[in-house]
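Residue-level structure breakdown
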Amino acid sequence: MSSYLYRDVNKVTTNILQRMHDEDEKIAMLTAYDYSTAKLLDMAGIDVILVGDSAANVMAGYKTTLPITLNEMIYHASSVVRAVERALVVVDLPFGTYQGNSKEALNSAVRIMKESGADAVKLEGGVEVSESIDRILSAGIPVMGHLGLMPQSINKFGTYAVRAKDDKEADKILKDVQILEKHGCFAVVLEKIPALLAKTITESVAIPTIGIGAGPHVSGQVLVFHDMVGVTQQFSPRFLRRYHNLSEEIISAVSNYIDDVKRADFPNDKESY
Ligand code: KIV
């Protein structure tokens, strides 16, 4: 069977992702937070675009993902949605907009769907958020889960190190993924857990698992776009494969521009009216 079976579909849906998983076609997912980047990712054929709350770090320069607001996520999401034709667009529910109670979770998810036009929402957590998942799904909104390293809980974890190194946490994550599946999540992100655990989890559920630092035995992979093209420089975890060194190219282009302006070489006659 060839890979890329679903390259030609006009619009990726949650059903298509399930079919990719069932037919062993890996799912490719990247983050985007703005129109121009989302357009390029969609043209390249990415399956899923995540409007991640990592926008708090990458776009706004915060140290954690906690400060980003629902309004800010809706702004990023609607910019992405305007650019995308094929990819499934999933939007993170930001910290503090779904943990309080399931009604608040539903209201936040409805605002994202109504005001941005996205296809689905993502939230972090297992059994603790299962009631919220039920309520969001009852409104017809698809939900993606997120377990393992959950950046919104960084103050509880105290570190961004690999999770589930002990059996107790590994067992909880396995059970939580099964709970998310039972409650109707269409997929789950597994962040920074041992590859063997991700394999066991993936084999124990029918829904797709999307890994970031979770090894190869998952249904798909996700990376933060700015990390994989090397716009961000400081962040170099072991799981990150850099496909480009855009920061060097941008700095070089900008310093050439500065030189041209200072030497009065730009604009020349052809570039003037
Ligand atoms: O916000 C984000 O970018 C994410 C990915 C790291 C999975 O949640």
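Parameters and conventions
- Residues numbered from 1 in each chain as written.
- Predicted model: local features only at pLDDT ≥ 70, side-chain atom pairs only at ≥ 80, totals over all residues.
- Heavy atoms only, no water.
- Domains from an automatic or database assignment.
- Near = heavy atom within 4 Å.
- Polar contact = N/O pair within 3.5 Å; in protein donor to acceptor, adjacent residues only side chain to side chain.
- Areas by Shrake-Rupley, 256 points an atom, 1.4 Å probe, with all protein chains shown as cover.
- Nonpolar A, V, L, I, M, F, W, Y, C, P; charged D, E, K, R; others polar.
- Helix = DSSP H or I, 4+ residues; strand = E, 2+ residues; numbered from the N terminus.
- Contact = heavy atoms within 4.5 Å.
- Phe/Tyr/Trp six-rings, centres within 6.5 Å; stacked < 30°, edge-to-face > 60°.
- Buried < 20%, exposed > 50% of the residue type's maximum accessible area, 1.4 Å probe, protein only.
- Salt bridge = Lys/Arg side-chain N within 4 Å of Asp/Glu carboxyl O.

1. Digging into the domain arrangement of the protein
Per the domain assignment, the segments of the protein are domain 1 (14–242) and domain 2 (245–273). Inter-centroid distance (C-alpha atoms) of domain 1 to domain 2 is 38 Å.

2. Quick look at the site of the ligand
Close to the ligand lie T31, L50, G52, D53, S54, D92, K122, H146, V189, I212, V222 and V224, which account for all nearby residues. In this structure, S54 approaches the ligand through a side-chain N or O atom, which is 2.5 Å from an oxygen atom. When the ligand is considered free in solution it has 260 Å² of accessible area, and contact with the protein chains removes 95% of it. For the shell around the ligand, the per-class residue count stands at five nonpolar, four polar and three charged.

3. Notes on the environment of R163
Tracing the chain through its elements places R163 in the loop between α7 (154–157) and α8 (167–183). Note: C-alpha distance between R163 and I173 (10 residues apart in sequence) is 9.5 Å. Here R163 is in contact with G148, L149, F157, E169, K192, I193 and P194, once residues within four sequence places are set aside.

4. Brief notes about the packing of aromatic side chains
Taken as a whole and judged by the stated rule, the model has two aromatic pairs. Taking the centre distance of 6.5 Å and the plane angle of 70° together, the rings of F235 and F239 count as edge-to-face. Residue F239 is classed as partly exposed on the basis of its relative accessible area, which comes to 23%.

5. Brief notes about the pattern of salt bridges
The tally for this structure, following the rule as stated, stands at 10 salt bridges. Across the salt bridge formed by R86 and D47, the nearest N and O atoms sit 3.2 Å from each other. Taken together, the residues span a long stretch of sequence, with R86 in the loop between α4 (70–83) and β3 (88–92) and D47 in the loop between α2 (35–44) and β2 (48–51) at a distance of 39 residues. As far as the burial class goes, R86 and D47 line up, both buried. In this structure, the salt-bridge partner of D176 is K172, at a minimum N-O distance of 2.7 Å. With a gap of four residues between them, D176 and K172 both fall in helix α8, about one helical turn apart. Overall, D176 belongs to the buried group, its relative accessible area being 5%. On the basis of relative accessibility, which here comes to 38%, the residue K172 falls in the partly exposed class. When salt bridges with common partners are traced through the structure, they connect E128, K172 and D176 into a single cluster.

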